[in-house]
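# Descriptive analysis of the structure
What follows is the residue order along each chain.
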Amino acid sequence: MDIREDIIFIVNPISGTQDKDGILKYIQSNIDRNIYNPKIIKTEYAGHAYDIARKAVEEKISFVVAIGGDGTINEVGRALVHSDTALGIIPCGSGNGLARHLHIPMNYHRALDVINKAYVRSIDYGKIAGHPFFCTCGVGFDAFVSLKFAGSKRRGLLTYLENTLQESLHYKPETYEIENSEGTVKYKAFLIACGNASQYGNNAYITPQASLSDGMMDITVLEPFTVLDVPSLSFQLFTRTIDMNSRIKTMKDNRIVIHRATEGVFHFDGDPMIGPKDLSVEIIPSALKVICPPKPKKNIYEPHNILQHITDFIEAKPVSAAIMEKHRRLLEMNRSIIRKLVNKNNPSEEE
């Protein structure tokens, strides 16, 4: 009698920036067949990952592993909530927010080692306007950039940073009301981020104190800022200290309603959608089982700078001349945009 656990690997062939064939060959050769009876399924259409995962739940499959980016993980995860089927992750997207929060390695060899150890814990998940999210959701600039990024032919961290910097030139903050358990507060905000996990991805910690197991979400409100605030905000975003910035307001709750003047874009785990004026956001506690390393005794802090992220993004390979050149161009682009912002805010001044 076969006492091994069934495990399904769902792979999105086009997500992220990595070729998946090498990953699949490695899984076939290195999955622990004393524990698992593996099956690999490639997605063929939008929503296919959800359909596969939902069928796995109906068939009482013990484990389903998402191979892809945050979008694929969200699609699989929302099919597994409130079930006994555990989510595994082999991250190969452009952000990998949930995997990073759970300390799942970015290297797929080591990520498979985590799956082979089969440690399972339960985590919270959230909903915004009925749409599940596992890392973050929100409105404002980050949702606007997600909408722009969704239509980009190029993927990856550099593309996202380019879109972010370029769009920040003309994005106008909006006025919101946040209805929480203590009442209603009004903000003019650049963005409002609701975090179940601590980060967007790429170690950009927008809700640095968030926990996946406290039954609460952390809300970060970024108020309007000037070009002089950009360096400190950028630095603090990647050093897990953005909640210390004077432009930031924070709160914690298990349910809020965001009121805005008109319908518009919002995002859940980076996926943009047009939604109503009033957006209900809530946390559902301990509703998703995940395969991950045991919780570290202490928070893991890593050095955070753009070059570090690019190095990590290419699987910790030595930084090549091409990557150094991309980094140099990125820094030049930053300087150029900051000069434009200064000139925009001070039209009478010359460069």
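Just so it is clear, the model here is predicted, and its values are computed rather than measured.

### Concerning the overall build of the chain
- A tally of regular secondary structure across the chain gives ten helices and 16 strands.
- Counting every position in the chain, which comprises 351 residues, the buried fraction comes to 49%.
- The long-range fraction of contacts in the chain, counting pairs at least 24 apart against all pairs at least 6 apart in sequence, stands at 71%.
- Here the chain has roughly 16,900 Å² of accessible surface; of this, 51% comes from carbon and sulfur atoms.

### Describing the packing of aromatic side chains
- One pass over the structure, following the stated rule, counts nine aromatic pairs.
- Aromatic pair Tyr 125 and Phe 134: ring centres 5.9 Å apart, planes at 35°, arrangement tilted. For the residue pair Tyr 125 and Phe 134, the accessibility class agrees, reading buried in each case.
- Here the aromatic rings of Tyr 171 and Phe 190 are separated by 5.4 Å at their centres, their planes lie at 85°, and the arrangement is edge-to-face.

### Quick look at the pattern of salt bridges
- What the rule picks out here adds up to five salt bridges.
- Of the charged contacts, one joins Lys 252 and Asp 214 as a salt bridge, the two residues approaching to 3.5 Å between their closest N and O atoms. Linking Lys 252 in strand β12 (residues 248-253) with Asp 214 in the loop between β10 (191-195) and β11 (217-222), this pair joins segments that are 38 residues apart in sequence.
- Lys 252 sits in the partly exposed class, given a relative accessible area of 40%.
- One salt bridge in this structure joins Asp 229 and Arg 247, with 3.0 Å as the shortest N-O distance. Of this pair, Asp 229 sits in the loop between β11 and α8 (230-238) while Arg 247 sits in the loop between α8 and β12; the two residues are 18 residues apart in sequence, bridging distant segments of the chain.
- Residue classification places Arg 247 among the partly exposed residues on the basis of a relative accessible area of 27%.

### What about the pairing of strand β7 (residues 136-140)?
- Judged by how many residues are buried, β7 sits mostly within the fold: five of five residues are covered.
- Neither face of β7 is exposed, since Thr 136, Gly 138 and Gly 140 on one face and Cys 137 and Val 139 on the opposite face are all buried.
- Across five bridges, the pairing between β7 and β10 is antiparallel. Paired with Thr 136 across the strands is Gly 195, a residue of β10.

### What to know about the packing of helix α1 (residues 21-30) against helix α5 (residues 108-117)
- Their axes nearest at 11 Å, the elements α1 and α5 cross at an angle of 40°. In this structure, α1 meets α5 at a crossing whose hand is right-handed. On α5, the residues touching Gly 22, Ile 23, Tyr 26, Ile 27 and Asn 30 of α1 are Tyr 108, His 109, Leu 112 and Asn 116.
- Grouping the constituent residues of the contact of α1 with α5 by class yields five nonpolar, four polar and no charged.

### Quick notes on the side chain of Asn 196
- Relative to the helices and strands, Asn 196 resides in the loop between β10 and β11.
- Judged by relative accessible area, Asn 196 falls into the buried class, the value being 0%.
- A polar contact of 2.9 Å, which involves the side chain of Asn 196, links it to the backbone oxygen of Phe 134.
- Asn 196 has contacts with Asp 124, Tyr 125, Phe 133, Phe 134, Cys 135, Ala 210, Ser 211, Leu 212, Met 216 and Ile 283, leaving out every residue within four places of it along the chain.

### Re the sheet that holds β11
- Taken in spatial order, the six strands make up an open sheet running β12-β11-β10-β7-β14-β15, and their pairing is antiparallel. Strands with a single pairing partner mark the edges of an open sheet, and in this sheet they are β12 and β15 (271-275). On average, each strand axis in the sheet is tilted by 20° relative to the strand beside it, whichever way the strands run.

Cut-offs applied
- Residues numbered from 1 in each chain as written.
- Predicted model: local features only at pLDDT ≥ 70, side-chain atom pairs only at ≥ 80, totals over all residues.
- Heavy atoms only, no water.
- Helix = DSSP H or I, 4+ residues; strand = E, 2+ residues; numbered from the N terminus.
- Buried < 20%, exposed > 50% of the residue type's maximum accessible area, 1.4 Å probe, protein only.
- Contact = heavy atoms within 4.5 Å.
- Areas by Shrake-Rupley, 256 points an atom, 1.4 Å probe, with all protein chains shown as cover.
- Phe/Tyr/Trp six-rings, centres within 6.5 Å; stacked < 30°, edge-to-face > 60°.
- Salt bridge = Lys/Arg side-chain N within 4 Å of Asp/Glu carboxyl O.
- Pairing = 2+ DSSP bridges.
- Axes fitted to C-alpha atoms, helices over the stretch in contact; angles between N-to-C directions.
- Left-handed = near helix turned anticlockwise from the far one by under 90°.
- Nonpolar A, V, L, I, M, F, W, Y, C, P; charged D, E, K, R; others polar.
- Polar contact = N/O pair within 3.5 Å; in protein donor to acceptor, adjacent residues only side chain to side chain.

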